[in-house]
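# Overview (structure and organization)
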Amino acid sequence: MLIDTNVNLGSWPFTFALNRSAAQLTKHLAASGVTHAIVSHFGAAFQPDPMPSNRELLAATKKSNALTALPVINLRLANWRDQLAECVAAKVSAIKLLPTYNNYSLRDKVVGEFMTALNETKLRLVINMRYEDERHRYFALDMKGLPLADLKPFLKRNPKTHMLLAGAMIPEVRELSAKFKNFSIELSYCEWINSVEDLVKLLTAKRIMLGTCTPLLSTRGEVDKLRFSKITPKAMEQISSTNAQQFFNL
Amino acid sequence: MRIIDVHTHPVFFTKGRQKSELRKLIAHGKSHGVERMIVLGDVLQYGGAPNAEQLRLINDETGGIQKMFPSYFVGFCYLNPNLGEKAVMEEVTRCVTNYGAKGIKLEIANNAAQPCMRHIAKACREFNIPVLQHSWSNSNFGPGMETHSDPDDTALFARRNPDVKIIMAHLVGVGYRGVIAAKGLDNLYVDISGAFPEDGLIEYAVEHLGADHVLYGTDIPIRQSAVKIGAVLGAKLTNADRQKIFFDNTAKLLNLN
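The structure reproduced in this document is the subject of the present report. Quick caveat, the model's predicted, so the values are computed rather than measured.

## Observations regarding the overall build of chain B
Within chain B, the secondary structure is distributed over nine helices and eight strands. Taking 18 Å as the expected radius of gyration for a compact globule of 257 residues, we find that chain B reaches 17 Å, a close match to that expectation. Along the first, second and third principal axes, the C-alpha set of chain B runs to 45 × 40 × 35 Å. Out of the 257 residues in chain B, the part that is buried amounts to 56%. Expressed as a percentage of contacts within chain B between residues at least 6 apart in sequence, the contacts between residues at least 24 apart total 74%.

And the structure:
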């Protein structure tokens, strides 16, 4: 079983990434061996209100055994409590934040209020650090990665919340791992000659999940990063599926 | 499929130079089906503009690696065109004569559009070898990148020297704009090394440049063989095109069996 924790529906305006239907996405992922995916919608990054895209996502994944919806809450909007309530009502297992794309900082007061509200639910938290590498993204989208200067105090303020960081790069993981244990990562933006082996040493396999950032990155390339890593069968199973099953309550 | 990696740095900021480490790298490559690796040198060890002595040290290390494992590693001669024609020709002659260098590597000592590149073109002609130019889109960078080669700069160098074979490094770094800049230039090749594997870009390069002009490469140790190979295998290409990208194009370009 292979669970991909970083997959997206919708279109990305600055690449030729395919805008697949849920069925097409499932088929595409299966071609690389992915049996289940945690899916968000790009519309939440680009549209002024994430809920139309979240609803489209929920509808698209509702009848799927292979796709689990991961809706986005936009904390820059006054109605974030309504967004959260709608996600709770939809019985999702986790929600995602896009601080940079939605124009707020993890230092903002509203984030503290949100964490209090989140802790009253059983939802898990995913924080997106980037969708693209800022060194080769299209110039019209001048978006930097999530600043560690914002993330570090956030991790410190929320020691009991174990969150998943999506799109972290290896130097960032190294820096964060020196002080914090309340996060896991997915692999899409971690690359070095032996990235998985090195990350297992750094974090332990328990804190790593497969992620491909489909459709922006090559699904096959990202899956093979894990598939060909020289780690123990137990670590492989944890990263491939067990950790995601537990985190997303699959 | 047979694979040659046209873009590797076995020694990276002085790490990886021990024989045991090189053996590990060979085992790593072979476990992925990589038959040969092109060694480009520890190019930033002394900063972006090394002097003649520093170039000799880097190239001697590359040559030493090639001599240690001649059936696996193939060396390129790293140069700084700003040092002038005499220095360029002397160092290329030394690398080809002593080590059998199969190409020239350029990094960020100068921009590929600058006049000093004529020394490189001359060396390529004289020794019938290609040049691999680090290239990256400057769109996302501010001032201070004047010595870095944008794909437009590398393409201009290729246009000025149609008889010289040039490899524009880093497909994802040069992006769609780089592919368009390279289009129609028969002497210009693009390697897929470096950067995260942006989906669809390899297909775009094959569509616009032809599979004959796309080369497999990683930028090891910064990148991973499994990811780059997977990106080619996952791309919507024919197996014949994949074989060209993985092996045939580089073998032909460098006269490797």
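## Considerations on the pairing of strand β2 (residues 34-39) of chain B
Residue and element names in this part refer to chain B. Taken across its six residues, β2 has five buried, putting it largely inside the fold. The pairing of strand β1 (residues 3-8) with β2 spans four bridges and is parallel. By the bridge assignment, I3 is partnered in β2 with V34. Bridge count between β2 and strand β3 (residues 73-78): three bridges; the pairing is parallel. Note on β3: the bridge partner recorded for M37 is F73.

## Some details on the pairing of strand β1 (residues 3-9) of chain A
Residues and elements named next belong to chain A. The element β1 is largely enclosed, with a buried count of seven among its seven residues. Sheet analysis places β1 next to strand β2 (residues 36-41), joined by five bridges and oriented parallel. Paired with V7 across the bridge in β2 is V39. Considered for its hand, the β-α-β crossover made up of β1, helix α1 (residues 22-31) and β2 is right-handed.

## Let's talk about the interface of chain A and chain B
At the junction of the two partners, chain A supplies 27 residues and chain B supplies 27 residues. Split into classes, the residues belonging to the side of chain A that touches chain B amount to eleven nonpolar, seven polar and nine charged.

## A short note on the environment of N249(B)
Its place among the elements puts N249(B) in helix α9 (residues 239-254). A C-alpha to C-alpha distance of 23 Å links N249(B) and T62(B), two positions 187 residues apart in sequence.

## Overview of the packing of helix α5 (residues 151-160) of chain B against helix α6 (residues 171-182) of chain B
All names here are of chain B. At a minimum axis separation of 9 Å, α5 and α6 run at an interaxial angle of 20°. Classified by the angle their axes make, α5 and α6 are roughly parallel. Where α5 crosses over α6, the handedness of that crossing is right-handed. Residues P151, D152 and A155 of α5 form the contact with α6, whose participating residues are V174, R177, G178, A181 and A182. Its residues assigned to classes, the contact of α5 with α6 shows five nonpolar, one polar and two charged.

## A word on the sheet that holds strand β5 (residues 124-128) of chain A
Think of a sheet as strands paired side by side through backbone hydrogen bonds, with each pair either parallel or antiparallel. Residues and elements named next belong to chain A. Taken in spatial order, the five strands make up an open sheet running β4-β5-β6-β7-β8, and their pairing is parallel. Looking at the sheet topology across the chains shown, the edges are occupied by β4 (94-97) and β8 (208-209). Here strand β6 (residues 163-166) runs beside strand β7 (residues 183-186); their pairing, made up of three bridges, is parallel. Residue pairing in the sheet places L164 in a bridge with S184 of β7.

## Comments concerning the sheet that holds strand β3 (residues 67-69) of chain A
All names here are of chain A. An order of β1-β2-β3 is seen for the three strands of this open sheet, with the pairing classed as parallel. Each edge of the open sheet carries a strand with a single partner, namely β1 and β3. Direction aside, neighbouring strands of the sheet carry axes that sit 35° apart on average.

## Some remarks on the packing of α6(B) against helix α7 (residues 201-209) of chain B
All names here are of chain B. At a closest axis distance of 10 Å, the pairing of α6 and α7 adopts a crossing angle of 20°. Of the possible angle classes, the one that applies to α6 and α7 is roughly parallel. Between α6 and α7 the crossing geometry is left-handed. Touching L171, V172, Y176, V179, I180 and A182 of α6 are L201, Y204, A205, H208 and L209, all from α7. Residue classes in the contact of α6 with α7 are distributed as ten nonpolar, one polar and no charged.

About the cut-offs
Residues numbered from 1 in each chain as written. Chains lettered and ligands numbered in written order. Predicted model: local features only at pLDDT ≥ 70, side-chain atom pairs only at ≥ 80, totals over all residues. Helix = DSSP H or I, 4+ residues; strand = E, 2+ residues; numbered from the N terminus. Rg over C-alpha atoms; globule rule 2.2 N^0.38 Å. Buried ≥ 20, exposed ≤ 12 C-beta atoms within 10 Å, placed from the backbone. Contact = placed C-beta atoms within 7 Å. Pairing = 2+ DSSP bridges. Right-handed = clockwise from strand over helix to strand, strands pointing away. Nonpolar A, V, L, I, M, F, W, Y, C, P; charged D, E, K, R; others polar. Axes fitted to C-alpha atoms, helices over the stretch in contact; angles between N-to-C directions. Parallel < 35°, antiparallel > 145°, perpendicular 65-115°, else oblique. Left-handed = near helix turned anticlockwise from the far one by under 90°.

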